[in-house]
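The residues making up each chain are set out below.
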There are 2 protein chains.
Amino acid sequence: MTFVGKTNTNQLTDIERELIAFFVSAAQAFGLPKSYGEIYGLFFASETPLALDHVVEKLQISKGSASQGIRFLKSINALNPAYIAGDRRDHHIAENSLRLIADGFISQRIRPELKDGAERLKEIARQSKNTSSPIVHERIDTITSWINKAELLFPIVSKFLSTQEERVSPKRSLPIHHKDII
Amino acid sequence: MTFVGKTNTNQLTDIERELIAFFVSAAQAFGLPKSYGEIYGLFFASETPLALDHVVEKLQISKGSASQGIRFLKSINALNPAYIAGDRRDHHIAENSLRLIADGFISQRIRPELKDGAERLKEIARQSKNTSSPIVHERIDTITSWINKAELLFPIVSKFLSTQEERVSPKRSLPIHHKDII
DNA sequence: CAAGGAGTTCAAGAAAAAATGAACACGTGT
DNA sequence: ACACGTGTTCATTTTTTCTTGAACTCCTTG
């Protein structure tokens, strides 16, 4: 077996590997594919914008995975476009505002689910108008209130995450009172 | 092929099926096994406490699945014990306070993950003390601040979810109708 | 307008996660 | 002490999800 041309192009540094591992487990915690975590981790660790090729090369994953991962990450605003003069490839750079990413995730992934749920629920309520025991109505009301609460919660979360968006200097976190929000 | 004894024991009603379907998709949205959603849905729809047998029979899932699902749901306080005189089997009943379930989920599933992440991060920081470029430290600080924010956020979420459910003193009534909860 | 670069799609294969069910452990009642 | 009812465990099987890579589309450029 012989090595031809560039042997092991673009190895990851230890730190890159560690940061990537961090986001891989974060991704899995959110029920997202491992590769999405890898990709975000790579961008997060990178000082400069990267293109699809770089991702494929450094992470040694397929073009398909890289393409889908990048698309997803862009869809939730975890990656932003970066234009590089004289390069036809699309480059991207990691968003590092937790609030923007959380907002993107919520509005792209969670809200639609909730909406579906709410609709399905209405359908159930309609069906059970005539035939049902009191308990069914009670339960339907309960879920409805849960969905409403969730919808009210999102802006609060967003607001909270923006309160501390630090320019510099991680100020020791003041206890923030929920009353201050809303 | 002949039917012996009870033919199709304990069929689910339409409404039960619908409610269960709702929780199945909720479970999947949270990255939990479908069966957990089925089980919670069944309890949620039930007026009376149920035991493992009932779950196996009505949902037609294995004893193993039912056992693990019930255990998990109890671990996050989505199911509460209910004692039935003269019956050796453990019965359970669905918790229907969203706040209690959310708290359980956060403290059992999310907090530990975060803690791991924080530790791993410290390890990275230690390793990179000597060798690293400024950008690495900056990135580590960023993630640290994210973890801190998350920790601060949980109590706020909990507090928010409790604002509307307790019968006691609705200090701030938001436009939500709730005849539910406890 | 042909050739080649960049990115997407999607069927098929690989990997991971969940469900099953038989064996087991633990009580309880006789 | 034994038999039986109840629930747990975990190796195996099944199902689901993720990844791959070749084929394709769409640009861009010479």
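See the structure printed just above.
No experiment lies behind these values; they were computed from the predicted model shown.

Some words on the relation of the copies chain B and chain A
Placing chain B over chain A gives an RMSD of 0.1 Å and needs a rotation angle of 180°, together with 0.0 Å of translation along the axis. The transformation relating the two chain copies, once decomposed into turn and shift, fits a two-fold axis. Minimal C-alpha separation from the rotation axis in chain B is found for Gly31 of chain B, amounting to 2.6 Å. Comparing contact sets, 92% of the residues at the interface of chain B also lie at the interface in chain A, consistent with an isologous, same-surface contact.

Here's the deal with the interface of chain B and chain A
Listed per partner, the contact involves 52 residues of chain B and 53 residues of chain A. Contact between chain B and chain A buries roughly 5000 Å² in total, counting both sides, with carbon and sulfur atoms accounting for 72%. Inspection of the chain B/chain A interface yields zero salt bridges. Scanning the region where chain B abuts chain A turns up ten residue pairs in polar contact (both at pLDDT 80 or more). Of all the elements in the fold, those that place two or more residues in the side of chain B that touches chain A are helix H1 (14–29), helix H2 (34–45), helix H5 (98–131) and helix H6 (134–163) of chain B. Of the residues assigned to the side of chain B that touches chain A, the class counts are 28 nonpolar, 13 polar and eleven charged.

Looking at the packing of helix H2 (residues 34–45) of chain A against H6 of chain B
As a packed pair, H2 of chain A and H6 of chain B sit with axes 10 Å apart at the nearest point and diverge in direction by 125°. Between H2 of chain A and H6 of chain B, the angle falls in the class oblique. Here Tyr40, Phe43, Phe44 and Ala45 of chain A of H2 of chain A come into contact with H6 of chain B, specifically with Arg139, Thr142, Ile143 and Trp146 of chain B. The residue inventory of the contact of H2 of chain A with H6 of chain B, partitioned by class, reads six nonpolar, one polar and one charged.

Cut-offs applied
- Residues numbered from 1 in each chain as written.
- Chains lettered and ligands numbered in written order.
- Predicted model: local features only at pLDDT ≥ 70, side-chain atom pairs only at ≥ 80, totals over all residues.
- Heavy atoms only, no water.
- Least-squares fit on C-alpha atoms with pLDDT ≥ 70 in both.
- Contact = heavy atoms within 4.5 Å.
- Buried area = accessible area lost by both parts, 1.4 Å probe.
- Salt bridge = Lys/Arg side-chain N within 4 Å of Asp/Glu carboxyl O.
- Polar contact = N/O pair within 3.5 Å; in protein donor to acceptor, adjacent residues only side chain to side chain.
- Helix = DSSP H or I, 4+ residues; strand = E, 2+ residues; numbered from the N terminus.
- Nonpolar A, V, L, I, M, F, W, Y, C, P; charged D, E, K, R; others polar.
- Axes fitted to C-alpha atoms, helices over the stretch in contact; angles between N-to-C directions.
- Parallel < 35°, antiparallel > 145°, perpendicular 65-115°, else oblique.

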